[in-house]
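Listed below, chain by chain, are the residues.
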Amino acid sequence: MNILYIAYSCDPYCGSEDKIGWNIPLEASKNHRVFVLTKEEHRKSISKYCAENGIDNISFFFVDIADIYKKIFRPPFYSGRLNIWHRKALPIAEKICSEKGIDIIHQIAPIEFRSIGKYYKIPNAKFVCGPIAGGQNTPKALRGYLGKEKYVEKIRDIINGIYRIKYKLNKTLKKCDCVLYANFETKDYLEPLSNRKVIPDTSLTDGELSAEKQKSSNNGCTFLIVSRFVASKGYNLLFDAVKQIPPSSNYKLKIIGFGPLKDSIEALFKSDENISPHIEFIGEVPYTEMTAHYQASDVLVFPSFREASGSVILEAMANSLPVITAKICGGRVICSDANAFLYSAKTKDEYINSLSSAMINCINNPDETASKGRQARLNAEEFTFKKKSETFNEIYESIV
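Just so it is clear, the model here is predicted, and its values are computed rather than measured. (Residues numbered from 1 in each chain as written. Predicted model: local features only at pLDDT ≥ 70, side-chain atom pairs only at ≥ 80, totals over all residues. Heavy atoms only, no water.)

Asks: Even after reading the chapter, I still don't get unusual backbone geometry, so can you show me in this structure?
Replies: Excluding glycine, residues mostly carry a negative phi; peptide bonds, for their part, are mostly trans. In this structure, the amide linkage connecting Ala109 to the following residue, Pro110, adopts the cis form with an omega of -10°. Geometrically, the link from Gly130 to Pro131 is a cis peptide bond, its omega value of 10° lying close to zero. On the secondary structure map, Pro131 appears in strand β5 (residues 126-132). For Asn124, which is not glycine, the phi torsion reads 65° and is therefore positive. Turning to its location among the elements, Asn124 is positioned in the loop between β4 (104-108) and β5. In this structure, Cys329 is a non-glycine residue whose phi angle is positive, near 50°. Along the chain, Cys329 falls in helix α12 (residues 329-334). (Helix = DSSP H or I, 4+ residues; strand = E, 2+ residues; numbered from the N terminus.)

Right, here's the structure in full:
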């Protein structure tokens, strides 16, 4: 088949959404003729990687938008930037489809449901969209942790509602030949009665599955936290949970990340004399260097309030780390009680106590923690880009 991937984020040297946008076309190119439409900012890194690795079977096309839009449309208005880019990309996609005989157009990474391009208008090509996310919201019990971000969350709720109504009126989702969802929250928000497939948007490369776990738990339990320093990532919830861990416990918190709340979050954790001896802030770490940190840890703590899937969940599992996270969004789709410490809660106190109890359990029961980690490594093999490509291929064949 001839496949055109719409991948605004597509960088071979980065993780998260860029990792998705790069690896899905790369895997598909083993069996199909592949074309990728992405943003201009990726031209240099893509050209460099392709030249160094002999990749010549994917054709890349680059689209740019004015810098003013990049400055204006920041979260929670990021979808505005994407939609402007899609409008500029659409005629280029039409030309590619006409000249290359495209069978499938697949919009991937990032794929907020508020930024579905109108590629379904292109004749003679089927349009696949997703897995899409963005319909998940911060639980009401945790909104008090958002601080100033609670206003952003309210704006986001309003924007989501507007787009949901817009899509219903325009029948946008029905115009797509296939819609995939990254989590049940987004599916239930947009199409609660549909039988659309729910699969995580992220996956693992073969290289990420090659590492063998080296570290033992003889020196206490090392918890790893990897996320941006913003309120919705749950750092204040984590702080309240860690306060309940006995100070004499043998544990360590390694925190990797960057973001606008970096200084205030560091100050918060260091303000407690019982917690500060157990904390290590590492700062920003390149994606290519993350394996060493996963390998030197025992458990990933993922307290995020509304992550679409959570790339770090799978990356941790690939390195034999069980995950502590709420049974929502990515945790609900990727994890199970066999390979993770999942918790459900309704009130703020229940969230604090559940997270704290899970961490204390890991400290006190290293054998159980290691056992779940081994199972996590086995289950991680179910979430590879190769298997995802096979799933996509079945979908493509069924609609062409």
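Asks: Explain the sheet that holds strand β6 (residues 178-181) here, please?
Replies: Sheets are built from strands paired through backbone hydrogen bonds, the pairs being either parallel or antiparallel. One open sheet accounts for six strands, arranged β3-β2-β1-β4-β5-β6; its pairing is parallel. Across the chains shown, the open sheet's two edge strands, defined by having one partner strand only, are β3 (58-63) and β6. For this sheet, the mean angle separating the axes of adjacent strands, direction not counted, is 20°. Here helix α4 (residues 78-100) sits on the sheet in contact with β1 (2-7), β2 (33-39), β3 and β4, set at roughly 145° to β2. (Pairing = 2+ DSSP bridges. Axes fitted to C-alpha atoms, helices over the stretch in contact; angles between N-to-C directions. Contact = heavy atoms within 4.5 Å.)

Asks: Sorry if this is basic, but what is going on with the pattern of salt bridges here?
Replies: Between side chains of opposite charge, pairing is possible as soon as their charged atoms come close. Enumeration according to the criterion identifies 21 salt bridges in this entry. Linking Glu307 and Lys233 is a salt bridge whose minimum nitrogen-to-oxygen distance equals 2.7 Å. Of this pair, Glu307 sits in the loop between β10 (299-302) and α11 (311-318) while Lys233 sits in the loop between β7 (221-226) and α8 (235-242), and the two are 74 residues apart along the sequence. By relative accessible area, which is 15% here, Lys233 ends up buried. Here Glu266 makes a salt bridge to Lys270, at a shortest N to O gap of 3.6 Å. With Glu266 and Lys270 both in helix α9 (residues 262-270), this residue pair falls four residues apart, about one helical turn. A relative accessible area of 15% means that Glu266 is categorised as buried. A cluster of three or more residues bridged by salt bridges with shared partners is formed by Arg143, Glu153, Arg156, Asp157 and Arg306. (Salt bridge = Lys/Arg side-chain N within 4 Å of Asp/Glu carboxyl O. Buried < 20%, exposed > 50% of the residue type's maximum accessible area, 1.4 Å probe, protein only.)

Asks: I would appreciate a short explanation of the environment of Val285 in the present structure.
Replies: By secondary structure assignment, the location of Val285 is in the loop between β9 (279-283) and α10 (290-295). In this structure, the C-alpha to C-alpha distance between Val285 and Val34, residues 251 residues apart in sequence, is 32 Å. Ignoring sequence-local partners within four residues, the contact set of Val285 consists of Ile256, Met290 and His293.

Asks: Just to check I follow, could you spell out helix α2 (residues 43-53) for this structure?
Replies: Restricting attention to buried positions, one finds in α2 the residues Ser45, Ile46 and Cys50. Around the axis of α2, the buried residues are gathered within 125° of arc, so they sit on the same side. Exposed and facing more than 90 degrees away from the buried side of α2 are Lys44, Ala51 and Glu52. Packing partners of the buried residues in α2 comprise α1 (16-28), β2 and β3. Looking at the residues trailing α2, positive phi occurs at Gly54, about 65°. (Arc of directions from axis to C-beta.)

Asks: Any chance you could explain the pairing of β6 here in plain terms?
Replies: In regular strands, side chains alternate between the two faces of the sheet. Residue alternation in β6 divides its side chains into two sets, Cys178 and Leu180 and Val179 and Tyr181, and both sets are buried. As defined by bridge partners, β5 adjoins β6 across three bridges and the pair is classed as parallel. Counted as the bridge partner of Cys129 is Val179 from β6.

Asks: So what exactly am I meant to see when it comes to α9 here?
Replies: An α-helical segment advances 3.6 residues per turn. Residues three or four places apart therefore align on the same side. Of the residues making up α9, those classed as buried are Ile265, Glu266 and Phe269. Down the axis of α9, the buried set is contained in an arc of 100°. They therefore lie on one face. Buried residues along α9 sit in contact with α8, β8 (251-256) and β9.

Asks: Whenever I open this one, the packing of aromatic side chains confuses me. Can you help?
Replies: What describes a pair of aromatic rings is the distance from one ring centre to the other and the angle between the planes of the rings. Under the criterion given, the structure shown has 20 aromatic pairs. Ring geometry for Tyr163 and Tyr167: centres 5.9 Å apart, planes at 75°, overall edge-to-face. You can see Tyr163 and its partner Tyr167 sitting in helix α5 (residues 149-170), four residues apart, about one turn around the helix. Here Tyr163 and Tyr167 have matching classes, each one buried. One Lys or Arg, Arg164, reaches over the ring of Tyr189 and ends 3.9 Å from the middle of that ring. Here the basic side chain of Lys372 rests over the ring of Phe341, its NZ or CZ set 4.9 Å away from the ring centre. (Phe/Tyr/Trp six-rings, centres within 6.5 Å; stacked < 30°, edge-to-face > 60°. Lys NZ or Arg CZ within 6 Å of the ring centre and 35° of its normal.)

Asks: Got a minute to help me understand the state of the cysteines in this structure?
Replies: Note on terminology: a disulfide is the covalent bond linking the sulfur atoms of two cysteines. Counted by the stated rule, this structure contains zero disulfides. In this structure Cys10 is a free cysteine whose sulfur lies 8.7 Å from that of Cys50, the closest cysteine sulfur available. Left without a disulfide partner, Cys178 is nearest to the cysteine sulfur of Cys176, which lies 8.8 Å away. (Disulfide = S-S within 2.5 Å.)

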